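Examining the three-dimensional arrangement
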Amino acid sequence: MQEELKPRDSVIASDEAMPQLRFDAVPLMLLLGLVLLAIPAIGSTSSWITLTVAGITMGLIIFVIASGLTLVFGLMDVLNFGHGVFIALGAFVATTVMSFAQAAAWDGFFSLLTAMLVAMLCAAAIGWLFERLIVRPVYGLHLKQILITMGGMIIGEELIKAIWGPLQIPLPLPEALRGSWLLADAAIERYRIFASLIGLLVFSGLAFTLSRTKLGLLIRAGVQDRSMVQALGYRIDRLFVAVFVAGSALAGLGGVLWGFYQQSVTAQIGAQVNVLIFIVIIIGGLGSTLGCFVGALLVGLIANYAGFLEPKIALFSNIGLMVAVLLWRPQGLYPVSDR
Amino acid sequence: MKWLQRLLSQDLPRSPLLALALLLTFLVLALAPFLFGGAKSMSVAAKILIFMLLVASYDLLLGYTGIVSFAHTMFFGIGAYGVAIASLRLGESWGALAGGLGLALLLSMLLSLAMGLLSLRVRAIFFAMITLAVASAFQTLVSQLSDFTGGEDGLTFRNPFGISPSYQPFESAVFGLLIDGRALGYWLIYGVVLLMFLVLLRIVNSPFGRVLQAIRENDFRAEALGYRTVAYRTVSNVLSAMFACVAGALLALWLRYVGPDTTLSFEIMLDVLLIVVIGGMGTLYGSIIGSVVFVLAQNYLQDLLRFAAKAFNAVPLLSDLVNPDRWLLWMGLLFVLSVYYFPSGIVGRLRRIRMPAAKSDATAPPLS
């Protein structure tokens, strides 16, 4: 037996036997090309810097929100139309925390961090409940899933209106993050840098978890082939609940970031952002984290560039981007294999 | 009874109670101007009729083909705005109406074709997301182009001679009703809805409709049998969009007004979803029963909530929950609960009740 196996082992050990997956850099090139192409189109370097920073910030916030959704879809084939509820919930919880902080004259940088933490916890708790009550009974039934999660979205939005009231609530930044830095005549708002840092932190955390830990290995394996992971003895349903809760918490965090970005919160925020994140995960390829990242940056940058160059078409820039990407790659930028 | 079977495309109600309810609806709605002449109840009757067509066209997509679209109200709105804009620009005439409707139908066809070809060829789940995105962009577009569409205020226009309220063809009252253009307009809507409903019934019971149901049940198998599922899904999407467009035109004719809230809003999309689910997915009779039940309930539930809000005035959170403004909350709950516990809807339930005297219809195709 040992002798029979040996030749094959040695083949595997040799250099050419394990073909590495070729990294597809074309979408990244597209992103870079877009940023470079915008310089001559916009004309002035300082506006270009401001717009690019704004676009990257917006893109990273969208990525924070959308990453959970795309993982949940990849892992369990569950498309959660109610994801927007967690965004709105996060933002509204932040308004409450900030008003408490203001009442306690504690208007610093840490009040913002506390708001983010509390919002994530709330969104995670509600996400767990949502998974139990809304998503679990309709596993594997696509049609009902879409209908039920949409119903959950409406119920959640109305409950938020009942608790916090239907009116717009202002969400001013704490003193420490107001104002902007000057960089080569370009004004860069401090909050944008802060939000981008948070977004990058989430991205690197996700990338590390997915590629370097056992948990991430299981998640990636589950996205590729769920029944095989199950057959190997892992309880993928528990893993799924964990991913769903983590995705909801990230959506809550994204909601806080988005709320501060807009400086006000309405109950419709969830539905508005939902449309954006759907476009992002379609562009990126359903289930792909890297695709979601590139898609979010593309959407954020194009929205800002188009808003500056031609405000009238800015509304449709996202739809146009989606159409173009789907014509080019019908499965999205980074299609998940075996799907 | 042969002619009735042919008229209904061999798709009979298959339940005595359902047949009775349908007959009652048919008669009461036909005689509505005589039975209740008041403006409010006439509006309720017209709304029921228009929703019947809108929901039946949506059921072609959701119930028969198994595709979820969130852009159905977009086509509803296109029909309504087409008629309104044509009537305003060209002056009120039947020619302007026909032209506006024709252009609206063309636009609906092209849009639904483009959306279908773009998303349905990949996977059906894309379609739900893409329709949501396109519909919200369209809603923003309509409120932005205020020169053309009247923005958030909408447009008010006048109906052509014959169905304008001031028109009175008879000198004296007929059966106690002074027939005016409004009643004639109502009957026009009634006739169009009835005709369109029969056409839809014909479509879903044709060989084409059978293929749609096969795709709904198992698209992989349908494709293996040699049907081009993408083409069938796309045609189903286009047909459903065009029927919705006609329903929108009828709504505009009845209200003599269009605005984003009456035609495009997401609430109407939710109403349509709810009626399909309550009435019964995958059966067109569900849209009739569902529309009647829903529109009547809509008028009374809000009264009930108002009453409850007064009763619970002192309780802090509960009074917010039963506030009439939060009525969408209760609709959403009703929606989720009906998808869980009531998936075959009223029609499915009625068909399951076996009357001892009624002969079971063994030759009928099995219902999913």
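Up top is the structure.
First, a word on scope: everything that follows refers to the structure included in this document.

What counts, and at which threshold
- Residues numbered from 1 in each chain as written.
- Chains lettered and ligands numbered in written order.
- Predicted model: local features only at pLDDT ≥ 70, side-chain atom pairs only at ≥ 80, totals over all residues.
- Heavy atoms only, no water.
- Helix = DSSP H or I, 4+ residues; strand = E, 2+ residues; numbered from the N terminus.
- Rg over C-alpha atoms; globule rule 2.2 N^0.38 Å.
- Buried < 20%, exposed > 50% of the residue type's maximum accessible area, 1.4 Å probe, protein only.
- Areas by Shrake-Rupley, 256 points an atom, 1.4 Å probe, with all protein chains shown as cover.
- Lys, Arg positive; Asp, Glu negative; His and termini not counted.
- Charge placed at Lys NZ, Arg CZ, Asp CG, Glu CD.
- Salt bridge = Lys/Arg side-chain N within 4 Å of Asp/Glu carboxyl O.
- Core = buried A, V, L, I, M, F, W, Y, C linked by side-chain atoms within 4.5 Å.
- Contact = heavy atoms within 4.5 Å.

Before going further, it helps to spend a moment on the overall build of chain B. Counting secondary structure elements, chain B contains 18 helices and two strands. Taken against the 2.2 N^0.38 rule, which gives 21 Å for 368 residues, the C-alpha radius of gyration of chain B at 21 Å falls within 12% of a compact globule. If you line up chain B on its principal axes, its C-alpha atoms span 60 × 60 × 50 Å. Burial analysis of chain B (368 residues in total) assigns 52% to the buried set. If you sum the accessible surface of chain B, you get close to 16700 Å²; carbon and sulfur atoms cover 66% of it. In chain B, the 25 positive side-chain charges and the 18 negative ones have mean positions that sit 12 Å from each other.

Enumeration over the complete set of coordinates arrives at six salt bridges over all chains. With a shortest N-O distance of 3.3 Å, A:Glu158 and A:Lys161 are connected by a salt bridge. Here A:Lys161 and A:Glu158 lie together in helix α6 (residues 142–164), a separation of three residues that amounts to about one turn. An identical accessibility class is assigned to A:Glu158 and A:Lys161; each is buried. Across the pair B:Arg233 and B:Asp219 runs a salt bridge whose closest N-O atoms are separated by 3.1 Å. Here B:Arg233 is found in helix α12 (residues 229–255), whereas its partner B:Asp219 is found in helix α11 (residues 219–224), with 14 residues between them in sequence. For B:Arg233, a relative accessible area of 8% corresponds to the buried category. What makes B:Asp219 partly exposed here is its relative accessible area of 33%.

Moving on to the nonpolar core. With 225 residues, the main nonpolar core has A:Phe81 and B:Phe70 as its most contacted residues. Among the elements that line this core, the one with the most residues is helix α3 (residues 45–76) of chain A, at 19 residues. The residues contacting B:Phe70, other than those within four sequence positions of it, are A:Phe81, A:Ile146, A:Met150, B:Ala128, B:Thr131, B:Leu132, B:Ala135, B:Phe266, B:Met269 and B:Leu273.

These figures come from the coordinates and say nothing about function on their own.
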